[in-house]
Amino acid sequence: MAVKTGAQIIWESLVKEGVEVVFGYPGGTILPTYDAMLDYPSIHHVLARHEQGATHAADGYARASGKVGVAIATSGPGATNMVTGIATAQLDSSPIVCITGQVGTTVIGSDAFQEVDITGVTLPITKHNYMVTRVQDLAGTIREAFHVAREGRPGPVLVDVPKDVQNSKCEFVYPDTPILYPRRRAPAQTPSEQLARAAEMISKAERPVILAGHGVLISGAMQKLIEFADKTQIPVALTLLGLGVFPRQHPLCLGMMGMHGEAYANRAVQSADLLIAVGMRFDDRVTGNLKTYAKHAKKIHIEIDPSEIAKNVRVDLPILGDAYGVLDQLLPLVTSAPREAWHAQIHEWQMETGARDVLRKEEGDGLIPAQVIHSLWQVTEGNAIVVSDVGQNQMWEAQYYRHDIPRGLITSGGLGTMGFALPAAIGAKFARRDAEVWVVAGDGGFQMTQAELATLQQERLKLNIAIINNGFLGMVRQWQEFFYGRRYAATPILSPDFVKLADAHGIAARRVTRREDVVPAIEAARQSAETMLIDFRVEQEDAVYPMVPAGADLHDMIRRPVEPAK
Amino acid sequence: MKHTLVALVEDKPGVLNRVASLFRRRAFNIESLTVGRTHEPAVSRMTILVDTEQTAPNLVEANLMKLINVVDVQDVTALPTVMRDLALIKVKANTSQLAEINQLAEIFRGKIVDVASDSVIIEITGDEDKISGLLDLLRPRGILEMVRTGQVAMVRGSTHQDGNGHN
């Protein structure tokens, strides 16, 4: 009989779950757990500089590996600092387990020092959360927490453990299966009539488009999607979180759709007679004005979460289920078709878009952000894991880094959390030690979590950091330029000297202001065995094109002005 | 139009909070919500009336099923269902009016459960229409106080919902 303390049970359980790394920050009420940690050397603890960073790192680890990420914090401010990271994971269906200390059970509710009702606070932003009040329930709760985090549509789970529960003892038994209350509904089996109807709709369609999202990645349906598109010759448009689930270089790939999507992808969606949505949720950034969204298209929605069906867009045929399972069953039922006229039409739109591409701009002294990202893509041959921040840098990355591999892009899509990139990249690097990991961040977002530079140095981690520095909170500035008469309220931002900042952390860095220095800087970073930071001083008032203004029709795009040929 | 959902939930702390939080954050319009024990000690039962003018009942159902503590949800609107609501109504009445009020209550199968010098409490159980009918008649006499439990619902016949995965 193995009697353990609650603190030991936490680590024993993490070992059983195969956890190799946790991201955390110690404090009063989680001290027993930190004390016990020293006896579990198989799990590496990464000391973040802020609990938000720890949570993003767990998230980045989860997204890079497909496994559950783990973050640990103390009660009160430690726990509330996790809130942004938890909400980020919730909106992007990322599986993380957050373990928080809590004040002793005898003083709960008394406003004790560093007490906060964290299960109450995180109730609406977790997939589920628990407060464990008896040590006997601890192992089973952690077992269940990991199960809930990764099953179905994944998400964050928080386990709050009062200090006395960590100190109490009981026999450690890790259940083989989670002791979830029996649920009536078995996982949905897709009725064959639905599949037959879908196949019929697909064979009748003349202008179909597949809309692929994060769900394809989560279910591991990438290869099935390629087979499906190849067989049916249906072009594939991607959501932001879907980038990489279908190779960008595939002839049927339309790239990203939506607010900053490719103009031809949006046109294809608006002109389509059939949309086949796979593992995506018709987010407002994807649809624009719902009243005019793909008006002529019938819609098939392949989705694992029933609450996403008909939430935003009325669908003609919902198919509940895992993307892999549904595509696997649908594949033999669909017929091949050349769809030449449709491809020709899309190709024509593509040509028109190409004429506006900023990459065609003449060589000049200044740096164009899109060109920096394009160079990054070329030099890394599209094989890096890029962790982007939020804003213009994120959209330029999405447009100009052509992702061919799944999990090649990690970014905060749903919540749009500035400051995500650096800590998430730390997590991603722990998940993929062999991979080349690049942080792409703006000067604003980078400053939100730049304290994590110290974390990565303490871990002697090799990252590559590209700051797209334009001296503005660029995306907000762009909105002010387009919609607020260029009144730049609070968007000019002074940054520290990032080269000196890196130097203060013992991190090599260089500043790049000329186009000819971009590629050598990227190559130098790649060749260095240690982290290198590059401060790219780019044109200050460049905008992300095309842009569908919030709430506007998807075909109503602000386009980059065509420059007269010289 | 109203839809009636019956939800079986685990009897654990905070479950009502989770359900209420869901309705609030999704901006679901809920007419009434009752919660009570069932024949199984670990399971509570909620009856939820959804105002379908503003809220799609299937979205309420799907979102409820996402809560880990929710065992089952059934939309019983289209099924033959017994619906009951209990009301306690305190009405102004002097002793000379007692007989008349008693008669009125009996017509609606209600009964007087408390008598004071200037008021009585009537207890009535029934569906919404029946209680509204009695209230309409009592209103001119002066309703001093009223409390209603909200609707509870159970499907007629041999089918049953329980917490063991059977239906």
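Just so we're clear, the structure is a prediction, and the values are computed from it rather than from any experiment.

J.: Break down the pairing of strand β1 (residues 2–10) of chain B for me, with residues and values.
T.: Residue and element names in this part refer to chain B. In terms of burial, β1 is largely enclosed, as 8 of its 9 residues are buried. Pairing geometry for β1 and strand β3 (residues 43–51), over 9 bridges, is antiparallel. The residue bridging Val 9 from the neighbouring strand is Ser 44, located in β3. Pairing of β1 with strand β4 (residues 70–75), which is carried by 5 bridges, proceeds in the antiparallel orientation. From the neighbouring strand, Val 6 faces β4, where its bridge partner is Gln 74.

J.: Residue-level account of the side chain of A:Thr411, with values.
T.: With respect to the helices, strands and loops of the structure, A:Thr411 is situated in the loop between β16 (409–410) and α18 (421–431). Ignoring sequence-local partners within four residues, the contact set of A:Thr411 consists of A:Arg63, A:Asp92, A:Leu240, A:Leu241, A:Ser388, A:Asp389, A:Gln394 and A:Phe420.

J.: I'd like a rundown of the sheet that holds β1(B), residues and numbers included.
T.: All names here are of chain B. Spatial strand order, β2-β3-β1-β4: 4 strands in an open sheet with antiparallel pairing. Either end of the sheet is taken by a strand with one partner, and the two such strands are β2 (30–37) and β4. Neighbouring strand axes in the sheet, compared pairwise and without regard to direction, differ in orientation by 15° on average. Bridging between β2 and β3 involves 7 bridges; their strand directions are antiparallel.

J.: Break down the domain arrangement of chain A for me, with residues and values.
T.: Residues and elements named next belong to chain A. We note that the domain assignment places domain 1 (3–171), domain 2 (192–345) and domain 3 (367–537) within chain A. Centre-to-centre, using C-alpha coordinates, domain 2 lies 31 Å away from domain 3. Tallying the contact residues gives 16 residues for domain 2 and 17 residues for domain 3. The contact between domain 2 and domain 3 buries some 1,500 Å² in all, and 63% of this surface belongs to carbon and sulfur atoms. Contact with domain 3 buries area across many residues of domain 2, yet Leu 240, Arg 248 and His 260 alone supply 39% of it, more than any other trio. In this assembly, domain 2 and domain 3 are joined by 0 salt bridges. On inspection of domain 2 and its partner domain 3, the count reaches 4 residue pairs in polar contact (both at pLDDT 80 or more). Within the side of domain 2 that touches domain 3, the residues separate by chemical class into 9 nonpolar, 3 polar and 4 charged.

Analysis parameters
Residues numbered from 1 in each chain as written. Chains lettered and ligands numbered in written order. Predicted model: local features only at pLDDT ≥ 70, side-chain atom pairs only at ≥ 80, totals over all residues. Heavy atoms only, no water. Buried < 20%, exposed > 50% of the residue type's maximum accessible area, 1.4 Å probe, protein only. Helix = DSSP H or I, 4+ residues; strand = E, 2+ residues; numbered from the N terminus. Pairing = 2+ DSSP bridges. Contact = heavy atoms within 4.5 Å. Axes fitted to C-alpha atoms, helices over the stretch in contact; angles between N-to-C directions. Domains from an automatic or database assignment. Buried area = accessible area lost by both parts, 1.4 Å probe. Salt bridge = Lys/Arg side-chain N within 4 Å of Asp/Glu carboxyl O. Polar contact = N/O pair within 3.5 Å; in protein donor to acceptor, adjacent residues only side chain to side chain. Nonpolar A, V, L, I, M, F, W, Y, C, P; charged D, E, K, R; others polar.

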